[in-house]
Amino acid sequence: MNDKILDLNHLGVKRFFNLDSNTYRDGSLPGETKELLGLVASAVLRCNDCIDYHLEQCAKSGFTKDEIVDALNVALVVGGSIVIPHMRHAVETLEFLEGEGGLNVERV
């Protein structure tokens with residue numbers, strides 16, 4: 001759907017998408033770390049679609065299940081008990097990624 005949104009040819013929308021893409025590129029922090037930060041923010045903001053996206057990106061970046069769960073713990077502490085249903089969703093997605101072979105057990 002992102003292509004359809006960009007096909008609307010709205011300058012403000014294009015600028016936001018560009019800002020979003022550039023935010024996750026390597027900078028003072030590696031892009032991989034930024035994806036982990038995005039996961040934590042998504043969990044605290046309670047956006048399951050965003051959680052799924054960042055879990056996929058974290059898995060592609062080589063983070064292990066233990067590292068991801070540790071980051072989700074930060075989200076739980078920051079966001080409180082309201083994050084628990086979204087952590088359940090994240091665990092379900094992690095199980096899916098494991099089943100698909102898309103999640104590392106050890107750091108490569």
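Relevant structure appears above.
No experiment lies behind these values; they were computed from the predicted model shown. (Residues numbered from 1 in each chain as written. Predicted model: local features only at pLDDT ≥ 70, side-chain atom pairs only at ≥ 80, totals over all residues. Heavy atoms only, no water.)

1. Some thoughts on the overall build of the chain
In terms of helices and strands, the chain carries six helices and zero strands. Overall, the chain shows an N-to-C arrangement of helices and strands of α-α-α-α-α-α. The dimensions of the chain, computed from C-alpha atoms along their principal axes, are 40 × 35 × 30 Å. The burial tally for the chain puts 30% of its 108 residues in the buried class. Considering only residue pairs separated by 6 or more positions, the chain has 56% of its internal contacts joining residues 24 or more positions apart. (Helix = DSSP H or I, 4+ residues; strand = E, 2+ residues; numbered from the N terminus. Buried < 20%, exposed > 50% of the residue type's maximum accessible area, 1.4 Å probe, protein only. Contact = heavy atoms within 4.5 Å.)

2. Thoughts on the packing of helix α3 (residues 31–44) against helix α5 (residues 65–79)
Taken N-terminus to C-terminus, the directions of α3 and α5 make an angle of 40°; their axes are 9 Å apart at the nearest point. Relative to α5, α3 is oriented oblique. Crossing geometry of α3 relative to α5 is assigned as right-handed. Packed against α3, whose contacting residues are L36, L39, V40, A43 and V44, the element α5 presents I68, A71, L72, V74, A75, V78 and G79 at the interface. Considering only residue class, the contact of α3 with α5 consists of 11 nonpolar, one polar and no charged. (Axes fitted to C-alpha atoms, helices over the stretch in contact; angles between N-to-C directions. Parallel < 35°, antiparallel > 145°, perpendicular 65-115°, else oblique. Left-handed = near helix turned anticlockwise from the far one by under 90°. Nonpolar A, V, L, I, M, F, W, Y, C, P; charged D, E, K, R; others polar.)

3. Digging into the nonpolar core
Core analysis: the largest hydrophobic core is formed by 19 residues, its most contacted members being L39, L55, I68 and L72. Mapped by element, the contributors of at least two residues to this core are α3, α4 (48–60), α5 and α6 (84–99). Discounting chain neighbours no more than four positions away, the residues touching L72 are L39, A43, M87, A90 and L94. (Core = buried A, V, L, I, M, F, W, Y, C linked by side-chain atoms within 4.5 Å.)

4. Quick notes on the pattern of salt bridges
Note that side chains of opposite charge can pair when their charged atoms are close. Inspection of the entire model under this criterion finds one salt bridge. We note a salt bridge from E98 to K65, for which the minimum N-O separation is 3.3 Å. Note that E98 is positioned in helix α6 and K65 in helix α5, a separation of 33 residues in sequence. (Salt bridge = Lys/Arg side-chain N within 4 Å of Asp/Glu carboxyl O.)

5. Looking at the packing of α5 against α6
In the contact formed by α5 and α6, the axes pass within 11 Å of each other and the chain directions differ by 170°. When the interaxial angle is binned, α5 and α6 end up roughly antiparallel. Judged by residue contacts, K65, I68, V69, L72 and L76 of α5 engage I84, M87, A90, L94 and E98 from α6. Looking at the contact of α5 with α6 residue by residue, the classes come out as eight nonpolar, no polar and two charged.

6. Concerning the side chain of H86
Inspection of the secondary structure puts H86 in helix α6. Leaving out residues up to four positions away in the same chain, H86 has contacts with R46, N48 and I51.

7. A short note on unusual backbone geometry
Phi at N9 takes a positive value of approximately 60°, unusual for a residue other than glycine. Mapped onto the fold, N9 is located in the loop between α1 (2–6) and α2 (11–23). Positioned with a positive phi, R46 is a non-glycine residue whose angle comes to about 65°.

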